[in-house]
2 protein chains.
Amino acid sequence: MRDVAKLAGVSHQTVSRVLNDHPNVRAETRARVLEAMRSLNYRRNLAARTLVTRQSDTLGIIGFETTLFGPASMLYGIESAARDAGYMVSIASVRDLDRRQVLEAVDRLTQHSVDGVIAIAPKQSVTHALAQAPPSLQCVAVGGAGESDAAPTVSIDNALGARLATQHLLDLGHATVHHAAGPPDWPESVERIEGWRRTLYAAGAQVPPVEHGWWDAESGYAQGQALARDPSVTAIFCSNDRIALGVLRALHEAGKRVPDDVSVVGFDDMPDSGYFVPPLTTVHQDFGELGRRSLALLLEHMTSAADHQPPEQVLVAPELIIRASSGPSPGR
Amino acid sequence: MRDVAKLAGVSHQTVSRVLNDHPNVRAETRARVLEAMRSLNYRRNLAARTLVTRQSDTLGIIGFETTLFGPASMLYGIESAARDAGYMVSIASVRDLDRRQVLEAVDRLTQHSVDGVIAIAPKQSVTHALAQAPPSLQCVAVGGAGESDAAPTVSIDNALGARLATQHLLDLGHATVHHAAGPPDWPESVERIEGWRRTLYAAGAQVPPVEHGWWDAESGYAQGQALARDPSVTAIFCSNDRIALGVLRALHEAGKRVPDDVSVVGFDDMPDSGYFVPPLTTVHQDFGELGRRSLALLLEHMTSAADHQPPEQVLVAPELIIRASSGPSPGR
DNA sequence: TCGCCCGATGTGAGCGCGCACAGTGTACGG
DNA sequence: CCGTACACTGTGCGCGCTCACATCGGGCGA
């Protein structure tokens, strides 16, 4: 920077002003400085800037299961929104969502002086842990938990999605809708169950028992095999597309035709779910939007850190995508 | 730090020594300093450290299509290996792989003074761009291109994978193997084609013409429809699992049974490919290993920056996973 | 004409660390 | 008894930048 100042014939402070777009610099001077910067191929040292301003223009992301499509998409959404806002992002992945690991991740990010943290946080333990973070650090949770008491949250309206799926199947004439659920300790899973249950209840339909599983096709396959044995099952709402994939295979192997004998609906709208056999009716989540909204929320909280509003909560509406896997009830 | 020094009754330098594990500190002194750090809840300011040491303990990752399973897995592999090695990672995603965007990403990372860069770089344009990065910045490319002239590279042995798949089908008695390829300008796709072609050639089998497509199921579906029309097709090697998914659907809709009429083999071993209908025989890539190896290679190059070895190239061997989608040739 | 204000620029300090070097005390051999 | 060696600790400095303040000069109203 000193070299630039010397070459442009100004003081280092004027260079700094040009760098930071201060208004009170004569246009000609600014041009001369810019020219000097270019010819010296100067780049400012952000570490020094961070040292004095105490802000790094870097955001931290606490990632969980980021190899899965949903989290990976959120990550991408956050990163690209952050770039547009002039922020860099650093990642701290977490193998499990227990308090210790989350706090450790927050700590690593803090050490590297991030200005804020977005946690991909499908379980409540994360928001709880986040509440223990230094209060000067703004945190936002994105992903799972609807009801957050600690941190501001952005999530999909899972209950709405479940309602859309369930109602769609009821409208097709199915007497009731069975559910292949995700893990019981994930709020996303729980909220989808609730949405499904309430919709059935509102329609006066019988509410079948729920089997829990993991989020993958293996679990869906197991649940599907059980459901295929029950002849009264004509419609299955699956808690995500991977589970639906397993259910589809189980039904196929049991000789049940989809959608003629049984209708299946998923959740997520994974990239290729339109090419399952048959193409899967599912609930589309806009993960990119989720990322963008969470970034916006974080930035908002960062600028107005003084006034302590109650933690906000943003819900993003999902959308039902109707494909071939759902059709009229066979009895109709 | 000054406060810690005061509380422990030592100088700031001694505190620094404790922080950096210098040997020449009396055990008792070290304990006193550590105690002071704990009681003041002291964390060292890494920005200041970076400023003086000129290294940030941060690595940059240039990401491309990180919502897909493969890149997302590499990202995760790199990140977790980096954490174990004491590094933080920052991400710079890139929408397209043209030189400008890649250089821009390198620039952003450089500004934030990363110590090295790993590029998830399935196309050669990236390694070329990487060569233009400041020579002080160590770069490693991971993912696609076998033949790199510029940067050290870690990639899957695509040709080997293709050979395993093709040979497997030939061994089952198929007269030849058709190929549903990926995009023609991706080295991964090209190398798989080459491996497939060479295997057929070595076996004296006829080499069918190749159709190119994108990496998704939609493209596989289109290719599959064309292949289903040709009664001589009994075996199809797909350039990835998503293409295979589309091919499976096309075959199913055309009334072809898998594997009775046509065998299908994929590439990637995506999480749920074992639950396709039927479960997909495929070539397993260890993306996590890829990430770890690339990190190791980068660190190696960073420590011995002086001696300019020719750019290394690491190949990771894939593995054939045999499932139900491949079986004996119907004519046999 | 004088004084005042404001835009444009320069000066010095210090952010929190690690490095080079200078000290201090203790042990040991001559 | 002194000198040397070594283990341990302290002192100043500067990394590159921004902030608060000082300075300078010209335009404008009284």
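Residues numbered from 1 in each chain as written. Chains lettered and ligands numbered in written order. Predicted model: local features only at pLDDT ≥ 70, side-chain atom pairs only at ≥ 80, totals over all residues. Heavy atoms only, no water.

Going by the annotation in an unreviewed UniProt entry, the name recorded for chain A is LacI family DNA-binding transcriptional regulator, with Paractinoplanes bogorensis given as the source organism.

Here we take up the protein's contact with DNA strand D. Close to DNA strand D lie 27 residues; A:M1, A:Y42, B:S11, B:T29 and B:R54 are nearest. A:N45 is positioned with one of its backbone polar atoms (N or O) 2.8 Å from a phosphate oxygen of DNA strand D. For DNA strand D, a base nitrogen lies 2.9 Å from a polar atom in the side chain of B:R17. Per element, the largest residue contribution to the surface near DNA strand D is five residues, and it comes from helix α4 (residues 46–53) of chain A. Classifying every residue of the surface near DNA strand D gives nine nonpolar, 13 polar and five charged. (Near = heavy atom within 4 Å. Polar contact = N/O pair within 3.5 Å; in protein donor to acceptor, adjacent residues only side chain to side chain. Helix = DSSP H or I, 4+ residues; strand = E, 2+ residues; numbered from the N terminus. Nonpolar A, V, L, I, M, F, W, Y, C, P; charged D, E, K, R; others polar.)

The relation between the two copies of this chain is a rotation about an axis and a shift parallel to it. When chain A is fitted onto chain B, the two copies agree to an RMSD of 0.0 Å after a turn of 180° and an axial shift of 0.0 Å. Such a combination of rotation and displacement between the chain copies is what one expects of a two-fold axis. It is A:S90 whose C-alpha, among those of chain A, lies nearest the rotation axis, at 2.1 Å. (Least-squares fit on C-alpha atoms with pLDDT ≥ 70 in both.)

A separate point is the packing of aromatic side chains. For any pair of aromatic rings, the description consists of the separation of the ring centres together with the inter-plane angle of the planes. All names here are of chain A. All told, the structure shown has 12 aromatic pairs over all chains when counted by the stated rule. Their ring planes at 80° and their centres at 5.7 Å tell us that W186 and W214 sit as a pair that is edge-to-face. Taken together, the residues W186 in the loop between β6 (178–180) and α9 (187–202) and W214 in the loop between α9 and α10 (217–229) connect sequence positions 28 residues apart. Judged by its relative accessible area of 7%, W186 falls in the buried class. Feature note: the residues F64, W186, W214 and W215 constitute an aromatic cluster, connected by ring pairs. Directly above the ring of Y221 sits R249, whose terminal nitrogen or CZ lies 4.2 Å from the centroid. (Phe/Tyr/Trp six-rings, centres within 6.5 Å; stacked < 30°, edge-to-face > 60°. Buried < 20%, exposed > 50% of the residue type's maximum accessible area, 1.4 Å probe, protein only. Lys NZ or Arg CZ within 6 Å of the ring centre and 35° of its normal.)

This part takes up the UniProt feature "domain: HTH lacI-type" (unreviewed entry) in chain A. On the UniProt side, "domain: HTH lacI-type" (unreviewed entry) is annotated at positions that read residues 1–53 of chain A here. Secondary structure content for residues 1–53 of chain A is 70% helix and 0% strand, while the C-alpha to C-alpha distance between its ends is 17 Å. (UniProt positions renumbered as here; feature names shortened; annotations may be inferred.)

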